[in-house]
Amino acid sequence: EAQVTQNPRYLITVTGKKLTVTCSQNMNHEYMSWYRQDPGLGLRQIYYSMNVEVTDKGDVPEGYKVSRKEKRNFPLILESPSPNQTSLYFCASRNSGTGRKETQYFGPGTRLLVL
Amino acid sequence: DQQVKQNSPSLSVQEGRISILNCDYTNSMFDYFLWYKKYPAEGPTFLISISSIKDKNEDGRFTVFLNKSAKHLSLHIVPSQPGDSAVYFCAARGAYSGAGSYQLTFGKGTKLSVIP
């Protein structure tokens with residue numbers, strides 16, 4: 001089954017304690033990205049990656065890091081989480097290329113609470 | 001500056017009637033528009049899309065209309081069903097710039113409630 005998986009699904013942590021949210025896709029997609037969803041703000045892109053070892057900032061990258069060492073994995077790293085990073089996080093992936101009808105496939109979401 | 005706007009945070013519709021969700025955009029370089037549907041505790045899922053060279057795309061009960069001159073698109077659901085109750089996100093895609101590098105810009109979403 002084609003899917004994007006995220007772990008953990010729910011996480012409560014404290015300010016300053018480093019954490020990693022994993023994302024994996026089994027569709028051999030080149031492009032992967034991370035979003036956060038906040039009330040009244042919709043989906044905002046944090047980081048994206050066009051392929052292995054190619055990453056770039058999205059709209060709200062501050063306080064986050066990513067890495068893309070393998071095509072299927074795109075972990076999101078919070079080196080020193082703060083309460084304003086409490087949010088619902090979505091990983092997404094899609095094919096690159098010249099096809100104009102690709103859509104993004106989203107993971108189920110990770111709900112993070114930073115105390 | 002918000003480039004994709006969904007000005008109605010919520011909408012309630014009676015089952016069987018038409019649901020109309022609206023979306024406005026400001027960037028004339030957007031060339032492709034998508035609607036995503038999101039249920040609680042799940043990730044958004046693709047619903048329907050439209051290219052900027054078209055003004056209408058239909059898929060079953062779902063139709064998206066695009067008015068480029070007004071920079072406005074709308075999603076029509078007819079007839080609405082209780083299972084359609086979800087948050088709907090409008091998204092716009094910038095011009096293709098090679099190597100798959102385009103960005104999706106999302107609106108804030110509209111929560112649709114279909115009342116049985």
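See above for the structure.
Calculation rules
Residues numbered from 1 in each chain as written. Chains lettered and ligands numbered in written order. Predicted model: local features only at pLDDT ≥ 70, side-chain atom pairs only at ≥ 80, totals over all residues. Heavy atoms only, no water. Helix = DSSP H or I, 4+ residues; strand = E, 2+ residues; numbered from the N terminus. Rg over C-alpha atoms; globule rule 2.2 N^0.38 Å. Areas by Shrake-Rupley, 256 points an atom, 1.4 Å probe, with all protein chains shown as cover. Lys, Arg positive; Asp, Glu negative; His and termini not counted. Charge placed at Lys NZ, Arg CZ, Asp CG, Glu CD. Phe/Tyr/Trp six-rings, centres within 6.5 Å; stacked < 30°, edge-to-face > 60°. Buried < 20%, exposed > 50% of the residue type's maximum accessible area, 1.4 Å probe, protein only. Salt bridge = Lys/Arg side-chain N within 4 Å of Asp/Glu carboxyl O. Pairing = 2+ DSSP bridges. Disulfide = S-S within 2.5 Å. Polar contact = N/O pair within 3.5 Å; in protein donor to acceptor, adjacent residues only side chain to side chain. Contact = heavy atoms within 4.5 Å.

What to know about the overall build of chain A
Point 1. A count of helices and strands for chain A gives zero helices and 11 strands.
Point 2. Shown N-terminal to C-terminal, the secondary structure of chain A runs as helices and strands in the order β-β-β-β-β-β-β-β-β-β-β.
Point 3. Against the globule reference of 13 Å for 115 residues, chain A gives a C-alpha radius of gyration of 14 Å, in line with a compact fold.
Point 4. Overall size of chain A, expressed as C-alpha extent along the three principal axes, is 45 × 30 × 25 Å.
Point 5. Element-wise, carbon and sulfur atoms account for 51% of the exposed surface of chain A, whose accessible area totals about 5,500 Å².
Point 6. Separation of charge centres in chain A, based on 15 positive and 10 negative side chains, amounts to 3 Å.

Some points on the packing of aromatic side chains
Point 1. Counting across every chain of the model gives 13 aromatic pairs over all chains.
Point 2. Between A:Phe106 and B:Tyr36, the aromatic rings sit 5.4 Å apart at their centres with planes inclined by 85°, giving edge-to-face as the arrangement. One end of the pair, A:Phe106, is in strand E10 (residues 105-106); the other, B:Tyr36, is in strand E4 (residues 32-38), on a second chain. In this structure, A:Phe106 and B:Tyr36 share a single accessibility class: buried.
Point 3. Centre to centre, the rings of B:Phe89 and B:Phe106 are 6.4 Å apart; their planes meet at 85°, and the pair counts as edge-to-face. Highlighted residues: B:Phe89 in strand E9 (residues 86-93) and B:Phe106 in strand E10 (residues 104-106), separated in sequence by 17 residues.
Point 4. Using a relative accessible area of 0% as the deciding quantity, one classes B:Phe89 as buried.
Point 5. Look at B:Phe106 and you get buried, because its relative accessible area is 7%.

Re the pattern of salt bridges
Residues and elements named next belong to chain A.
Point 1. The full count for this structure, using the stated rule, is eight salt bridges over all chains.
Point 2. Two residues, Glu-79 and Lys-18, come together in a salt bridge whose shortest N-O distance is 3.9 Å. Of this pair, Glu-79 sits in the loop between strand E8 (76-78) and strand E9 (87-94) while Lys-18 sits in the loop between strand E2 (10-13) and strand E3 (19-25), and the two are 61 residues apart along the sequence.
Point 3. Residue Arg-36 pairs with Asp-38 through a salt bridge whose shortest N-O separation is 2.8 Å.
Point 4. Sharing partners across several salt bridges, the network here consists of Lys-18, Lys-65 and Glu-79.

Details of the sheet that holds strand E3 (residues 19-25) of chain B
Residue and element names in this part refer to chain B.
Point 1. Taking strand neighbours across the sheet as the criterion, the five strands line up as E1-E3-E8-E7-E6 in an open arrangement whose pairing is antiparallel. Either end of the sheet is taken by a strand with one partner, and the two such strands are strand E1 (4-5) and strand E6 (56-59).
Point 2. With two bridges connecting them, E1 and E3 associate as antiparallel partners. Note that in E3 the partner of Val-4 across the bridge is Tyr-25.

Some points on the state of the cysteines
Point 1. Evaluation of the coordinates by the stated rule reveals two disulfides over all chains.
Point 2. Here A:Cys23 is linked by a disulfide to A:Cys91, with a sulfur-sulfur distance of 1.8 Å. Linking A:Cys23 and A:Cys91, the disulfide has an S-S dihedral of approximately -75° and is accordingly described as left-handed. Linking A:Cys23 in strand E3 with A:Cys91 in strand E9, this pair joins segments that are 68 residues apart in sequence.
Point 3. Of the residues examined, A:Cys23 reaches a relative accessible area of 2% and is grouped as buried.
Point 4. By relative accessible area, which is 0% here, A:Cys91 ends up buried.
Point 5. Disulfide pairing places B:Cys23 opposite B:Cys90 at an S-S distance of 2.0 Å.

Brief notes about the side chain of B:Lys38
Point 1. With respect to the element layout, B:Lys38 can be found in strand E4.
Point 2. Although B:Lys38 lies buried, it forms no salt bridge, and the closest oppositely charged side chain, B:Glu42, sits 8.0 Å away as judged by the N-O distance.
Point 3. Among the polar contacts made by the side chain of B:Lys38, one reaches the main-chain carbonyl oxygen of B:Glu42 at a distance of 3.3 Å.
Point 4. When residues no more than four places from it in sequence are discounted, the contact partners of B:Lys38 are A:Gln37, A:Leu88, A:Phe90, B:Gly43, B:Pro44, B:Ala86, B:Val87 and B:Phe89.

Observations regarding the sheet that holds strand E1 (residues 4-7) of chain A
Residues and elements named next belong to chain A.
Point 1. Judged by pairing direction, the sheet is antiparallel, and its four strands sit side by side in the order E1-E3-E8-E7 without closing on themselves. One side of each edge strand has no neighbouring strand; the edge strands of this open sheet are E1 and strand E7 (65-66).
Point 2. Examined bridge by bridge, E3 and E8 share three bridges and lie antiparallel to one another. Note on E8: the bridge partner recorded for Leu-19 is Leu-78.

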